[in-house]
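The residues making up each chain are set out below.
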Amino acid sequence: MKCFRAAILRFDADHNAVYEQDGLLAVGPDAIGREIVQAVGSYNEIANQFPGVAVEHMPGRIIAPGFVDMHVHYPQIDVIGSPASGLLPWLENYTFPQESRYADAGHSAEAATFFFDELLRNGVTTALTFATSHPASVDAFFSEAARRRLRMISGKVLQDRHSPDGVRDQTQQSLLDTEALIQRWHGQGRLGYAISPRFAPSCTDAQLRGAGELAARYPDVWIQSHVAENKDEVAWARSLFPQARSYLAVYDGFGLMRQRAVYAHCIHFDDNDRALMRDTGAAAAVSPTSNLFLGSGFFDYAGADRVGFRYGLASDVGGGTSLCPFHTMLAAYYVGREGHTKSGLSLSPRQLWWQHTAGAARALGLDGVVGNLQPGCEADFIVLNPQATPLLARRTQSADSLDELLFAMIVLGDDRLVQCSVIADYGPGYAGGTQTAAISTV
Ligand code: GUN
Ligand code: ZN
């Protein structure tokens, strides 16, 4: 058992933020040795439940759930900041050439190591991640995630048409590779596999059909893809699948919409698309920095809430400009501010934070597993230092409410605000949780 004393942020079942100014977080093994939150609450009220347990005291620090990134491409770490007139030229000119390098296992391993270092430096402890079409890129990702005992999800990209040499795969082989990778990695420790058709325009009917068959055969595996991101892309998809009611309906027709199916962007939707998301249990990965950078459009929060489908926040690096959750939450605030919420007001800081932690976990089907610090959750957490910069120290000091404090961190925060990410132990064979830096309050 380990105990940490600091301010603590978490979320209750109604998505409300719960904040203890002087809190205690107790973490320890469950019945099979996996390190979970055993207790959390006010220090004065619960400290006496843990006599004799050493307490790591971190005055001035805030313990919060590790962030959950619902959609990111680890092989696009070198694509960030590549300007283009829109999605399709961006893919052609920057993204596909970079991704072709991941045929090489050594390059994949080096990039995966760098990617996880960056994620953890930014306080992201779980991510649903695209690899590339090369199985080596998936093996590199999962090997490194396993070494660090992280809860991570990824999969081999499927793209057997409209893709250049170097990233285009072969229909039958791509499906065989996918199944082999599911069997190798899904459910190993905290790893999960995602069947990953890149987007409908890059996949033949046969490949999409095969992906849907795998999704039916492996119902607890994830599915991830892109949809309705950009107007040219939507027009292209519609011309390729003229019989489908909409771009989104193409995926439904191939059995690719269900719980644990996550679609990035979901911008150019009508209410029938929104109802299809709701009725199938699929979730949207809202990617505001990417949508702003590539000029794709604005996610309609009011429409999503009116119809009632699940969504959460995502960086979408390398279309996205940053892995930093504070930057993503601020961009989501700007988008909401432009009138894309029901109230006309933008999202509150608590809503933004929830959408990048417990809400994102819920949208992934990992409710109560990660993204929160309620008892029973896996003990992945971050330590925030609101004194990390002079301006952060000054502004957070004068915050009069939780909303003001969270807002100050969303607006002013970057990787310096994250003192460290602490990763849970995960039982025998997986023992010895990692953290990015020693916990130290000096
Ligand atoms: N659509 C198909 N592939 C991609 C990708 O890599 N990034 C984004 N943002 N959209 C896509
Ligand atoms: Zn993407």
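Since the structure is predicted, the reported quantities are computational estimates derived from the model, not experimental observations. (Residues numbered from 1 in each chain as written. Chains lettered and ligands numbered in written order. Predicted model: local features only at pLDDT ≥ 70, side-chain atom pairs only at ≥ 80, totals over all residues. Heavy atoms only, no water.)

Q: What's the story with the coordination of the zinc ion (ligand 2) in this structure? I'm lost.
A: Four donors placed tetrahedrally about a metal ideally form angles of 109.5 degrees, and six donors placed octahedrally ideally form angles of 90 or 180 degrees. Every protein donor of the zinc ion (ligand 2) is accounted for by His 71 (NE2), His 73 (NE2), His 226 (NE2) and Asp 316 (OD), and the metal-donor separations fall at 2.0 to 2.3 Å. Metal-centred angles of 89 to 166° between the four donor atoms at the zinc ion (ligand 2) mark the site as irregular. Positions of the donor residues of the zinc ion (ligand 2) along the chain correspond to the pattern H-x1-H-x152-H-x89-D. Of the two residues, His 71 sits in strand 5 (residues 67-73) while Asp 316 sits in the loop between strand 13 (310-313) and helix 12 (325-340), which places them 245 residues apart along the sequence. Taken as a pair, His 71 and Asp 316 share a single burial class, namely buried. (Donors = N, O, S within 2.8 Å, 3.2 Å for Na, K, Ca; no water. Tetrahedral: all angles 85-135°; square planar, octahedral: opposite > 155°, others 65-115°. Helix = DSSP H or I, 4+ residues; strand = E, 2+ residues; numbered from the N terminus. Buried < 20%, exposed > 50% of the residue type's maximum accessible area, 1.4 Å probe, protein only.)

Q: Explanation requested: the nonpolar core in the structure shown.
A: In summary, soluble globular proteins display a tendency toward joint burial of nonpolar side chains. Ranked by internal contacts, the top residues of the largest apolar core, which has 106 residues, are Tyr 251, Tyr 263, Trp 353 and Leu 384. Residue contacts for Tyr 251: discarding those within four places in its chain leaves Phe 199, Ala 200, Ser 225, His 226, Val 227, Leu 256, Met 257 and Tyr 263. (Core = buried A, V, L, I, M, F, W, Y, C linked by side-chain atoms within 4.5 Å. Contact = heavy atoms within 4.5 Å.)

Q: Hey, could you run me through the site of ligand 1 in this one?
A: Taken together, the residues surrounding ligand 1 are His 73, Gln 76, Leu 87, Trp 90, Leu 91, Arg 198, Phe 199, His 226, Glu 229, His 265 and Asp 316. Within the contact set of ligand 1, a nitrogen atom lies 2.7 Å away from a side-chain nitrogen or oxygen of Glu 229. Residue Asp 316 places a side-chain N or O atom 2.9 Å away from a nitrogen atom belonging to ligand 1. Contact with the protein chains hides 100% of the accessible area of ligand 1, taken as 280 Å² for the molecule alone. Considering every element that reaches the shell around ligand 1, the biggest residue donor is helix 2 (residues 87-99), with three residues. Looking at the shell around ligand 1, its residues break down into four nonpolar, four polar and three charged. (Near = heavy atom within 4 Å. Polar contact = N/O pair within 3.5 Å; in protein donor to acceptor, adjacent residues only side chain to side chain. Areas by Shrake-Rupley, 256 points an atom, 1.4 Å probe, with all protein chains shown as cover. Nonpolar A, V, L, I, M, F, W, Y, C, P; charged D, E, K, R; others polar.)

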